[in-house]
Amino acid sequence: MKRNFLNIVMLMLALSTLTIDNAFSQGLKMPAASSKQIITQDLGISQITISYARPNVKGRKIFGGLEPYGAVWRTGANGATTLTFSGDVIINGKTIPAGTYGLFTIPNKNEWTIILNKDSKQWGAYEYKQADDVLRFNVKLEQTKSKVETFTISFPEVTATEATLAIAWENTKVTFPIQVNQDAEIMASIDEAMKGDKKPYLAAAQYYLNNNKDLDKALTWADEAVEANPALPYPYYWKAQIQLKKGDKAGAKATAELGKQVAEKAKSDEYIRLNSQIIEKAK
């Protein structure tokens, strides 16, 4: 009976302590030890979103020390780092369906293993299961020119079809490309849009120019864009670009000269400069 009474007293004390702690913590504001960052990068007509926590070196040895070689790492701090793709992407030659994945890594002295895992909702890598891997491949590491104090994931290079993802901390950096193949989807979208009342002549012409499509069709659309907006300087510039790529220097020069005149009336320094560049190239 006495032991039961003591147990009840201890439980009541513990509960009262929790209540006091909660009362104090409700109004407590403190910075996180590892700041959180969410970044979204456009890639073609889709997006990549990364959510991760950013620990600092704080004078410690990181790889081969705080983060041992050969062990699965959460690739950051706190919860697992996540990668979200709004559309299908290609990584290391494999198509990854749209969705959210946990980004894990295995650091080693000369290379890292990059892992995409189905389980994106876990704390750290404590519940990581290799059976849930969607993708696993190795990349060579680089030594950074200067020390990276705060763990950083970034996209240092991005084109319409490829984004380079970089992971850097301490004196180590690894990178790998994320690619998209959206041409069929974009072409179908252009074809469908051209059936509507508001036809995207200039955007379609730009896509055809930049992706080595039918330049005759691109020029026809650029003509339509100029005719629809004769007081705007930029349709002339893009039309001249197409003519120049087709090898029609005389036509490109004439179009760019018109574009420059329109730009001067509009007081558009940018398109005065751009159309002047086309005139020089067409000489």
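Residues numbered from 1 in each chain as written. Predicted model: local features only at pLDDT ≥ 70, side-chain atom pairs only at ≥ 80, totals over all residues. Heavy atoms only, no water.

The protein chain goes by DUF2911 domain-containing protein in an unreviewed UniProt entry, where it is assigned to Olivibacter jilunii.

Asks: Would you mind going over the sheet that holds strand β7 (residues 111-117) in detail, with residue names and values included?
Replies: In spatial order, the strands read β1-β2-β3-β6-β7-β8; together these six strands make up an open sheet with antiparallel pairing. With partners counted over all chains shown, the strands left at the sheet margins are β1 (35-43) and β8 (133-140), one partner each. Across the sheet, the axes of successive neighbouring strands diverge by a mean angle of 25°, strand direction being ignored. (Pairing = 2+ DSSP bridges. Helix = DSSP H or I, 4+ residues; strand = E, 2+ residues; numbered from the N terminus. Axes fitted to C-alpha atoms, helices over the stretch in contact; angles between N-to-C directions.)

Asks: Kindly report on the packing of aromatic side chains, identifying the contributing residues and their values.
Replies: A ring pair, where both rings are aromatic, is described by two values, the distance of the centres and the angle of the planes. Evaluated as defined, the whole model comprises 15 aromatic pairs. Centroid distance F63 to W169: 6.1 Å. Interplanar angle 85°. Geometry classified as edge-to-face. Of this pair, F63 sits in the loop between β2 (46-54) and β3 (77-85) while W169 sits in strand β10 (residues 162-179), placing them 106 residues apart in sequence. Both residues of the pair, F63 and W169, count as buried. By way of ring pairs, the aromatic residues Y52, F63, W73, W112, F151 and W169 are connected into one cluster. (Phe/Tyr/Trp six-rings, centres within 6.5 Å; stacked < 30°, edge-to-face > 60°. Buried < 20%, exposed > 50% of the residue type's maximum accessible area, 1.4 Å probe, protein only.)

Asks: Can you tell me about the confidence of the model for the protein chain, naming the residues and giving the values?
Replies: Mean pLDDT over the protein chain: 91, with 91% of residues reaching 70 or higher. Every residue in residues 1-21 is under pLDDT 50, and counting partners more than four places away or in other chains gives zero contacts. (pLDDT = per-residue confidence, 0-100. Contact = heavy atoms within 4.5 Å.)

Asks: Please provide a residue-by-residue account of the packing of helix α3 (residues 201-210) against helix α4 (residues 215-228), values included.
Replies: It is at 8 Å that the axes of α3 and α4 come closest, and there the two elements cross at 150°. As the angle between them shows, α3 and α4 are arranged roughly antiparallel. Here α3 and α4 pass one another in a crossing that is left-handed. Two secondary-structure elements touch here, α3 through Y201, L202, A204, A205, Y208 and L209 and α4 through L215, K217, A218, W221, A222, E224 and A225. Residue classes in the contact of α3 with α4 are distributed as 11 nonpolar, no polar and two charged. (Parallel < 35°, antiparallel > 145°, perpendicular 65-115°, else oblique. Left-handed = near helix turned anticlockwise from the far one by under 90°. Nonpolar A, V, L, I, M, F, W, Y, C, P; charged D, E, K, R; others polar.)

Asks: How would you summarise the environment of A222 if you had to cite specific residues and measurements?
Replies: As for its position among the elements, A222 is in helix α4. Exposure remark for A222: the relative accessible area of 0% places this residue in the buried category. Other than its neighbours up to four places away in sequence, A222 contacts A205, K239 and I242.

Asks: An account of the environment of K109 is needed here, citing residue identities and associated values.
Replies: Positionally, K109 belongs in the loop between β6 (99-107) and β7. For K109, a relative accessible area of 60% translates into the label exposed. Distance from K109 to P68, taken between C-alpha atoms, is 10 Å for residues 41 residues apart in sequence. Residues in contact with K109, not counting those within four places in the same chain, are Y69 and L141.

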